[in-house]
Protein chains: 2
Amino acid sequence: MSQYEKVTPELIEALKAAAPGHVSVGGDINEDFSHDEMPIYGKAMPEVVVEATSTEEVAAVMKLCNEHHVPVIPRGAGTGLTGGAVAIHGGVVLSTTKMNKILSYDTENMVVRVQAGVLLNDLAEDAARQGFLYPPDPGEKFATLGGNVSTNAGGMRAVKYGATRDYVRAMTVVLPTGEIVHLGASVSKTSSGYSLLNLMVGSEGTLGVITELTLKLIPAPKEVISLVVLYENLEDCIATVPKLMRSGLQPQALEFMEREIVRLSEAYLGKSTFPQTFEGSDVNAYLLVTFDGDNEDQLTEIIEQASEIVLEAGALDVLVADTPQLKKDAWAARSTFLEAIEANTKLLDESDVVVPVNEIANYVKFINTIAADYDFEVKSFGHAGDGNLHIYNCSNDMELEEFERQVADFMKRAYAKATELGGQISGEHGIGHGKLDYLAQMVGPVNMRLMEGIKQVFDPNMILNPGKVCYKL
Amino acid sequence: MSQYEKVTPELIEALKAAAPGHVSVGGDINEDFSHDEMPIYGKAMPEVVVEATSTEEVAAVMKLCNEHHVPVIPRGAGTGLTGGAVAIHGGVVLSTTKMNKILSYDTENMVVRVQAGVLLNDLAEDAARQGFLYPPDPGEKFATLGGNVSTNAGGMRAVKYGATRDYVRAMTVVLPTGEIVHLGASVSKTSSGYSLLNLMVGSEGTLGVITELTLKLIPAPKEVISLVVLYENLEDCIATVPKLMRSGLQPQALEFMEREIVRLSEAYLGKSTFPQTFEGSDVNAYLLVTFDGDNEDQLTEIIEQASEIVLEAGALDVLVADTPQLKKDAWAARSTFLEAIEANTKLLDESDVVVPVNEIANYVKFINTIAADYDFEVKSFGHAGDGNLHIYNCSNDMELEEFERQVADFMKRAYAKATELGGQISGEHGIGHGKLDYLAQMVGPVNMRLMEGIKQVFDPNMILNPGKVCYKL
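Since the structure is predicted, the reported quantities are computational estimates derived from the model, not experimental observations.

Draft legend 1. View of the overall build of chain A. A count of helices and strands for chain A gives 14 helices and 20 strands. Computed over its C-alpha atoms, the radius of gyration of chain A comes to 23 Å, within 12% of the 23 Å expected for a compact globule of 473 residues. Each principal axis of the C-alpha distribution contributes one length, and for chain A these read about 75 × 55 × 45 Å. Looking at chain A as a whole, 63% of its 473 residues qualify as buried. A fraction of 73% describes how many contacts in chain A between residues 6 or more apart in sequence connect residues 24 or more apart. By element, 49% of the accessible surface of chain A is carried by carbon and sulfur atoms, the whole surface being about 17100 Å². Treating the 37 positive side-chain charges of chain A as one cloud and the 66 negative ones as another, the clouds have centres 3 Å apart.

Structure below.
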């Protein structure tokens, strides 16, 4: 017998009274609400969808569902990759996408207050107009900020600027009980009790529903420039990374790419940007590096120093993407990897490990070796500057069941190796539903007991996003 | 009836077997273990002191005390300011100061692994010899790193580099049950379950005993220079701060000082460094600013731009501390404030509020106004770049009881105002025993319930550092 109740007609009426005009039921629910961007972790239609427009509506909905023991699944734009926003135990999907207002800038303290459903892209563009940069820069620009905070999303610029966690100053959270709490403040440092704020960051909608955020901004750097560095092989490419990090030149972004994935992406875009050969040698790996600074002279000097470092370390050549078009093309190719893979693949799964920077080459070699044991193709690329790799399992001809069986075996080995090298199983995508068992394997029973205990403190009836992160029925 | 047991002769024998040669009892205990640096929050001799030398010893001691329901109070160098390391409910003080080894540097991933009892100063000097900077820089250089992490210590350089939290990559923790857990990894980003690591940071030894840390380092900046900026009044001084922060010049440190405290500190040091007048005007406030960079040219330019900004904003003059001696003297005066106050004061208490940067002037004005209502003197100074103020209540002639009564009234008003302005009650010193009631007032009963619930998950018998942060008997 389930510990949860089904949604009753009475509860639907109460929800409609609590959030008038924002409740969909049964056949009226858009199919999009049944999955995220990685449907291999299951599709499930929720019984009800509430598209809330205020903290108070969220609180009223939570309170009702808590009293009725009905699961609530918070959801941003549904761009997750681990099934985190899927209603695998039924219940109510609570969407924040209608809470999409940028509320106010405080230019003196350099923070912005937003509703949790604001899209990353909208904040990035709006902040730029105010002369600010919001540094977190995950590949998916159309995720909500609430979703970014819930997975501690990283992105390209994490190398220099850190992940989403580093930009969250304060938040309003609706607890599973319906109580509203305020965590943190717009100040930049605090030592005022346990950091419930940092506990919420990365908790993937299992401890509370984030409805409002105060985020740190920085003055926008005046100049930004990218380099494309060509290598004969991946080992040389990766070996450069610690040298660049140690140099003090502070790259903003540092991405490595292997030949095949670049070709796939270029074919998808119909545009060839990265040279395939250099002076008769095949180019088999690329490093895409971005620097920012306050003036052209400073950047010129940085580029000279960086070029020296990479050429000394064995690069074939360095191309400077010094026009906006060149820079756009280079990053477009990088940003399209996932899309290009999706367009070419019927069955897809992904892992998102993070390893120490100096273990990347080792790790990629291991992955390429074990890949031979399986019937799917393995494509990987990643954030060289912070050791975060995205590894895709792709098949167009396997049966689903066999694909899942083989992927499970592959991932078990891939995660074990990452852990052995001092890494973790997810750098930025999170655990959701798809990676819970792997997390338990990595951290062990004591850590899992602590996490589940914390979950119970916030959510005594265990109704918020059940089956995710640390709590499995 | 207390929920705790007294230490029995049998337990003492068991502790001695668990940590041979590291156990002191009764009259053999050094009086230093009865208090921290703010003895107004009570002195209490522990029943036993264990100066542990390994994670395993800590685990054995914790397990025994947990089974016997005896309180354990983790303690670093005892430099706290809120009574956090005082054995107010008796029991065993567990000192980490003998766990003082710097274990290993990983120069490619730029992290260092240390035992928790290593002193900040020792790591800072050792890292410098390796070409690295460990950015957190609290005023007290002889605190342990474990203590710094436990209060999320901030310090001078937090303006540019963030607080201790931002440099903690991984830790080994002994839970109150005696179980040993490993949190985090040397990698720079992760989204692998709830951040128990971030929950431990700032938990003041109430959730577990930190025995080992992996800390992030950065390449040491090649050039560092300080400016002393003179102002006729505090308002002009503080008004400069948001302008400097917004400029993109990224000061490393940004401290404001009022005339009186500078004179007190100079008298204590027997050396006058800061000019008292400028072209016939009295200097009533100072800004001490430090910049770092990679070469002299870059710093020269930064200093020119910074000087322009402060002079336009109403500064009387800018002095460049461009020799090591001048820089040392300027920072020596700043670093001696607390010592100078202590040397001149019989009764002392302190608050450590943090307010938004643009509210500092407002807040200091408020503090100076209410100070008139009390018989003690009020001296304040602080980190202008991050809004963190240290406010001292000093008296040489009041009775203790009356002093405490008046201070309690003063702090209640001071904290209420800080909260009203969007601040928090502690920027870097923490809550300990002395500020628990104020924290409860600030965050309210729901947040306190969550914190106490979390405490219970980690520490079912509530034996670890009882009476601190969120758990009051």
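Draft legend 2. Structural detail: the pairing of strand 9 (residues 180–184) of chain B. Note that strand 8 (residues 168–174) of chain B and strand 9 of chain B share 5 bridges and pair antiparallel. Bridge pairing links Ala170 of chain B to Gly184 of chain B in strand 9 of chain B.

Draft legend 3. Representation of the sheet that holds strand 5 (residues 102–106) of chain A. Residue and element names in this part refer to chain A. Spatial strand order, 5-6-10-8-9: 5 strands in an open sheet with antiparallel pairing. Of all the strands in the sheet, just strand 5 and strand 9 (180–184) have a single pairing partner and so form its edges. Strand-to-strand twist across the sheet, computed as the mean angle between neighbouring axes with direction ignored, equals 15°. As paired strands, strand 6 (residues 111–115) and strand 10 (residues 209–216) are joined by 5 bridges and run antiparallel to one another. Residue Val114 lies in a different strand from strand 10, and its bridge partner there is Leu213.

Draft legend 4. Broad picture of the packing of helix 13 (residues 400–420) of chain A against helix 14 (residues 436–458) of chain A. All names here are of chain A. Where helix 13 meets helix 14, the axes come as close as 11 Å, and the angle between the chain directions of the two elements is 30°. By the angle between their axes, helix 13 is roughly parallel relative to helix 14. Along this stretch, helix 13 crosses helix 14, giving a crossing that reads as right-handed. Contacts between helix 13 and helix 14 pair Ala408, Met411, Lys412, Tyr415 and Thr419 from the former with Tyr438, Gln441 and Met442 from the latter. Across the contact of helix 13 with helix 14, the residue classes break down as 5 nonpolar, 2 polar and 1 charged.

Draft legend 5. View of the interface of chain A and chain B. Counting residues at the interface gives 83 residues for chain A and 82 residues for chain B. Taken together, both faces of the contact between chain A and chain B bury some 6000 Å²; the carbon and sulfur share is 55%. Among the residues of chain A in contact with chain B, Lys189, Tyr194 and Arg246 of chain A are the three that bury the most area, contributing 16% of the side total. At the surface where chain A touches chain B, the tally comes to 6 salt bridges. A salt bridge links Glu179 of chain B to Arg449 of chain A; the nearest nitrogen and oxygen atoms lie 2.7 Å apart. Taken together, the connections running from chain A to chain B amount to 34 residue pairs in polar contact (both at pLDDT 80 or more).

Draft legend 6. Representation of the side chain of Glu428 of chain A within the structure. Mapping Glu428 of chain A onto the fold places it in the loop between helix 13 and helix 14. Owing to a relative accessible area of 9%, Glu428 of chain A belongs among the buried residues under this scheme. Within the local environment of Glu428 of chain A, its side chain forms a polar contact with the backbone nitrogen of Gly154 of chain A, the two atoms lying 3.5 Å apart. For Glu428 of chain A, the residues in contact, after removing those within four places along its chain, are Thr151, Asn152, Ala153, Gly154, Gly155, Asp352, His383, Asn388 and His390 of chain A together with Lys189 and Ser191 of chain B.

Draft legend 7. Up close: the side chain of Asn388 of chain A. Within the fold, Asn388 of chain A resides in strand 20 (residues 388–395). A distance of 3.1 Å separates a polar atom in the side chain of Asn388 of chain A from a polar atom in the side chain of Asp352 of chain A. Here the side chain of Asn388 of chain A touches Lys189 of chain B through a polar contact of 3.3 Å, side chain to side chain.

Draft legend 8. Molecular detail of the sheet that holds strand 5 (residues 102–106) of chain B. All names here are of chain B. Here 5 strands make up an open sheet; going across it, the order is 5-6-10-8-9 and the pairing antiparallel. Both edges of this open sheet fall to strand 5 and strand 9, since each of them pairs with a single strand only. Taking each pair of neighbouring strands and ignoring which way they run, the sheet shows an average axis angle of 15°.

Draft legend 9. View of the relation of the copies chain A and chain B. Laying chain A over chain B is done by rotating through 180° and shifting 0.0 Å along the axis; what remains is an RMSD of 0.0 Å. Seen this way, the second copy is the image of the first under a two-fold rotation axis. Same-surface contact between copies: 99% of interface residues of chain A are shared with the interface of chain B.

Here is what the cut-offs are and how they apply
Residues numbered from 1 in each chain as written. Chains lettered and ligands numbered in written order. Predicted model: local features only at pLDDT ≥ 70, side-chain atom pairs only at ≥ 80, totals over all residues. Heavy atoms only, no water. Helix = DSSP H or I, 4+ residues; strand = E, 2+ residues; numbered from the N terminus. Rg over C-alpha atoms; globule rule 2.2 N^0.38 Å. Buried < 20%, exposed > 50% of the residue type's maximum accessible area, 1.4 Å probe, protein only. Contact = heavy atoms within 4.5 Å. Areas by Shrake-Rupley, 256 points an atom, 1.4 Å probe, with all protein chains shown as cover. Lys, Arg positive; Asp, Glu negative; His and termini not counted. Charge placed at Lys NZ, Arg CZ, Asp CG, Glu CD. Pairing = 2+ DSSP bridges. Axes fitted to C-alpha atoms, helices over the stretch in contact; angles between N-to-C directions. Parallel < 35°, antiparallel > 145°, perpendicular 65-115°, else oblique. Left-handed = near helix turned anticlockwise from the far one by under 90°. Nonpolar A, V, L, I, M, F, W, Y, C, P; charged D, E, K, R; others polar. Buried area = accessible area lost by both parts, 1.4 Å probe. Salt bridge = Lys/Arg side-chain N within 4 Å of Asp/Glu carboxyl O. Polar contact = N/O pair within 3.5 Å; in protein donor to acceptor, adjacent residues only side chain to side chain. Least-squares fit on C-alpha atoms with pLDDT ≥ 70 in both.

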